[in-house]
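Coordinates in review
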Amino acid sequence: MQTVLVTGANKGIGHEVARQLAAKGLHVFVGARNPKAGRKAAEEITKRGGKATFLEIDVADSDSVTTAAREFSNIEGHLDVLVNNAGIIIDGDDAILEISDELFRNTLETNTLGALRVTRAFESLLRKSKAPRVINVSSGGGQLTGGADGWAPAYCISKTALNGVTVQLAAALPKFAVNSVCPGWVRTDMGGENATRSVEQGADTIVWLASEAPQDLSGKFLRDRKEIPW
């Protein structure tokens, strides 16, 4: 059975990705920093007939990530797909000249360094897969071409940097498929109720990259299963 770890999978896009991949027959590890919410999310997938295991992981905490990798290896001997979905927008992320160093640093810690930290911790497990895949959930707000409009600058810059992490990982891991995805403006807690896309639409390209996309597709930034500039 193929295995997948989705961080931030207790709600929103992450949970929908986990649900769809479990429905495809993968053993899904529901990564979440909140044990109660994570266990509930895993139980919901199990009730639908999928195989899901809760894995406590705070991507902003190095010790937590290390512990999670060890716990994972006690259950499964390999990881086929890693979806770095966990991300934050912090209240007060309103204007580039007004955000504090702490807000900026905390945003980068989770959204950028978090993805790199988790990939590094799970690299050895991914190497045991015949076709390892890493998917970083980014944002069109991180695009250098037409991306910046003043909205949530710390968040957007963290996603620009995440795209940089993606291409560097793709170069460092030539046998892996490593890509970034813009899910679009999705109706989640982060996206809000006025967003134009459902969670199913937001999850589509991520699920495709995790299960059907060519293995030689790597180092790209995608939306709606097509490469976009970043």
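Predicted model only: the values in this text are computed from it and were never measured.

Considerations on the overall build of the protein chain
Along the protein chain, the regular secondary structure elements total 6 helices and 8 strands. Along the protein chain, helices and strands appear, N-terminal first, in the series β-α-β-α-β-α-β-α-β-α-β-α-β-β. Relative to a compact globule of 230 residues, whose C-alpha radius of gyration would be 17 Å, the protein chain shows 16 Å and is just as compact. Looking at the protein chain as a whole, 53% of its 230 residues qualify as buried. Partitioning the intrachain contacts of the protein chain with sequence separation of at least 6 by distance along the chain shows that 69% fall at a separation of at least 24. When the accessible area of the protein chain is evaluated, it comes to approximately 10,900 Å², of which 48% is carbon and sulfur surface. Side-chain charges of the protein chain comprise 26 positive and 27 negative groups, with the mean position of each set lying 7 Å from the other.

Some thoughts on the packing of helix α3 (residues 62-75) against helix α4 (residues 101-126)
Running from amino to carboxyl end, α3 crosses α4 at an angle of 25°, the nearest separation of the two axes being 9 Å. With respect to α4, the axis of α3 lies roughly parallel. Along this stretch, α3 crosses α4, giving a crossing that reads as right-handed. Together, S62, V65, A68, A69, F72 and S73 of α3 and R117, V118, A121, F122 and L125 of α4 make up the contact between the two elements. Here the contact of α3 with α4 is composed, by residue class, of 8 nonpolar, 2 polar and 1 charged.

Quick notes on the sheet that holds strand β5 (residues 133-137)
On the basis of which strands lie adjacent, the open sheet formed by 8 strands has the order β3-β2-β1-β4-β5-β6-β7-β8 and mixed pairing. With partners counted over all chains shown, the strands left at the sheet margins are β3 (51-56) and β8 (226-227), one partner each. Here 4 bridges tie strand β1 (residues 3-6) to strand β2 (residues 27-32), and the two strands are oriented parallel to one another. Its bridge partner being in β2, T3 is matched across the sheet by H27. Strands in contact with α4 are β1, β3, β4 (81-84) and β5; relative to β4, the strand with the most contacts, it is inclined by about 175°. Against the sheet, helix α6 (residues 199-211) contacts β4, β5, β6 (177-181) and β7 (221-223), and its axis sits at roughly 165° relative to β5.

Focus on the pairing of β4
Judged by which residues are buried, β4 turns out to be covered on both faces: V81 and V83 on one side and L82 and N84 on the other are all buried. One ladder, built from 3 bridges, connects β1 with β4; its direction is parallel. Bridge pairing in β4 places V4 opposite V81. Here β4 pairs with β5 via 4 bridges, running parallel. Opposite L82, over in β5, you have V134 as the bridge partner. Taken together, β4, α4 and β5 form a β-α-β motif whose crossover is right-handed.

What counts, and at which threshold
- Residues numbered from 1 in each chain as written.
- Predicted model: local features only at pLDDT ≥ 70, side-chain atom pairs only at ≥ 80, totals over all residues.
- Heavy atoms only, no water.
- Helix = DSSP H or I, 4+ residues; strand = E, 2+ residues; numbered from the N terminus.
- Rg over C-alpha atoms; globule rule 2.2 N^0.38 Å.
- Buried < 20%, exposed > 50% of the residue type's maximum accessible area, 1.4 Å probe, protein only.
- Contact = heavy atoms within 4.5 Å.
- Areas by Shrake-Rupley, 256 points an atom, 1.4 Å probe, with all protein chains shown as cover.
- Lys, Arg positive; Asp, Glu negative; His and termini not counted.
- Charge placed at Lys NZ, Arg CZ, Asp CG, Glu CD.
- Axes fitted to C-alpha atoms, helices over the stretch in contact; angles between N-to-C directions.
- Parallel < 35°, antiparallel > 145°, perpendicular 65-115°, else oblique.
- Left-handed = near helix turned anticlockwise from the far one by under 90°.
- Nonpolar A, V, L, I, M, F, W, Y, C, P; charged D, E, K, R; others polar.
- Pairing = 2+ DSSP bridges.
- Right-handed = clockwise from strand over helix to strand, strands pointing away.

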